[in-house]
Every structure is written in structure tokens, then in C-alpha cells.
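# Observations on the model geometry
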Amino acid sequence: MSTSPKRHDEDASTWTTVVWTTLLTLVGFGFAILRYLQFYHDLDLGSFNRLSRVENFIYRATGQWGLIAILLLMGFVGLFNAIIAVREVRRR
């Protein structure tokens with residue numbers, strides 16, 4: 001009699017995973033575009049011109065391009081995980 005939990009059931013992707021990873025993708029790419037426009041095209045969107053605490057820390061450590069690169073990386077990681085989750089959900 002085996003009482004160990006099935007690992008496949010715990011790690012299985014669901015549509016909730018697809019939604020969250022898609023949201024991560026949109027946030028990453030969206031903020032990368034927003035910050036690029038803010039830094040290099042004088043975009044004025046009111047309160048969005050202020051950097052969040054996390055963004056401010058990254059900006060001070062890496063500069064404008066470092067912040068944009070990290071936001072793009074967040075978007076690509078989200079996209080990669082969303083594609084994997086969609087494939088896994090469709091395979092079931």
C-alpha cells in the first residue's frame with residue numbers, strides 16, 4: 001500500500017497557471033514599453049512616471065537600460081512559462 005502523494009498531480013498545470021503566466025508576460029512587456037517611452041520619448045502619464053520601490057532599486061543599480069532589460073526578462077520568462085503551461089494543459 002503506497003501512501004506517497006503523486007508528484008504528477010501536484011505539478012500539473014491548470015488554466016489558472018496559464019492565466020497567471022500570461023498576466024506576468026503582459027505586465028513585464030507592458031512596463032518595459034512604458035518605461036522605455038518614459039525615459040526616451042518624454043511620455044507623461046501622471047502617476048505612472050514615478051518608479052515603484054523595486055523599480056527604483058533596480059534603476060539605481062543598473063540604470064535605465066538595466067531596468068528595461070529586467071522588465072523584458074520578466075516578460076520573456078512569463079511567456080516561456082505560459083507556453084509550457086498551455087502545452088501541458090492541452091496534452092491532458
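Residues numbered from 1 in each chain as written. Predicted model: local features only at pLDDT ≥ 70, side-chain atom pairs only at ≥ 80, totals over all residues. Heavy atoms only, no water.

Moving on to the environment of T21. Among the secondary structure elements, T21 is positioned in helix 2 (residues 15-40). Along the primary structure T21 and A85 are separated by 64 residues, whereas in three dimensions their C-alpha atoms are 8.3 Å apart. Not counting residues up to four positions away in its chain, the partners in contact with T21 are G78, N81 and A82. There is a polar contact of 2.9 Å between the side chain of T21 and the backbone oxygen of T17. (Helix = DSSP H or I, 4+ residues; strand = E, 2+ residues; numbered from the N terminus. Contact = heavy atoms within 4.5 Å. Polar contact = N/O pair within 3.5 Å; in protein donor to acceptor, adjacent residues only side chain to side chain.)

Counting across every chain of the model gives one salt bridge. A salt bridge links E55 to R35; the shortest N-O distance between them is 2.9 Å. On the criterion of sequence distance, the pair formed by E55 in helix 3 (residues 53-91) and R35 in helix 2 is long-range, its members being 20 residues apart. Assigned by exposure class, E55 and R35 land together as buried. (Salt bridge = Lys/Arg side-chain N within 4 Å of Asp/Glu carboxyl O. Buried < 20%, exposed > 50% of the residue type's maximum accessible area, 1.4 Å probe, protein only.)

This part covers helix 3. Over its 39 residues, helix 3 extends only 40 Å from the first C-alpha to the last, a length that falls short of the 57 Å expected when each residue adds 1.5 Å. Along helix 3, the sharpest change in direction is near 125° and occurs at T62. Within helix 3, burial applies to E55, I58, G66, L67, I68, L71, G75, G78, A82, A85, E88 and V89. (Expected span 1.5 Å × (residues − 1). Bend = angle between axes of the 7 residues up to and from the residue.)

Let's shift gears to the nonpolar core. Membership of the largest hydrophobic core is limited to six residues, which are A32, F39, I58, L67, I68 and L71. Only helix 2 and helix 3 provide two or more residues apiece to this core. A per-element tally of this core places helix 3 first, with four residues. Sequence-distant contacts of A32, that is, excluding residues within four places in its chain, are made with I68, L71 and L72. (Core = buried A, V, L, I, M, F, W, Y, C linked by side-chain atoms within 4.5 Å.)

A few words now on a nonpolar patch on the surface. A surface patch of nonpolar side chains, amounting to about 620 Å² of accessible area, comprises I33, Y36, L37, Y40, L43, L45 and W65. A total of four residues in the nonpolar patch trace back to one element, the largest contributor, which is helix 2. Relative to the assigned elements, W65 resides in helix 3. Classification of W65 by relative accessible area gives exposed; the value is 51%. (Patch = residues over 30% accessible without salt bridge, like charges linked within 9 Å, V, L, I, M, F, W, Y side chains within 5 Å. Areas by Shrake-Rupley, 256 points an atom, 1.4 Å probe, with all protein chains shown as cover.)

The interhelical angle for the contact between helix 2 and helix 3, taken along N-to-C directions, is 150°, at an axis separation of 7 Å. Put simply, helix 2 runs roughly antiparallel to helix 3. Every pair of crossing elements has a handedness; the one defined by helix 2 and helix 3 is left-handed. In terms of residue class, the contact of helix 2 with helix 3 is made up of 23 nonpolar, nine polar and two charged. (Axes fitted to C-alpha atoms, helices over the stretch in contact; angles between N-to-C directions. Parallel < 35°, antiparallel > 145°, perpendicular 65-115°, else oblique. Left-handed = near helix turned anticlockwise from the far one by under 90°. Nonpolar A, V, L, I, M, F, W, Y, C, P; charged D, E, K, R; others polar.)

Geometric values such as these leave the question of function open.
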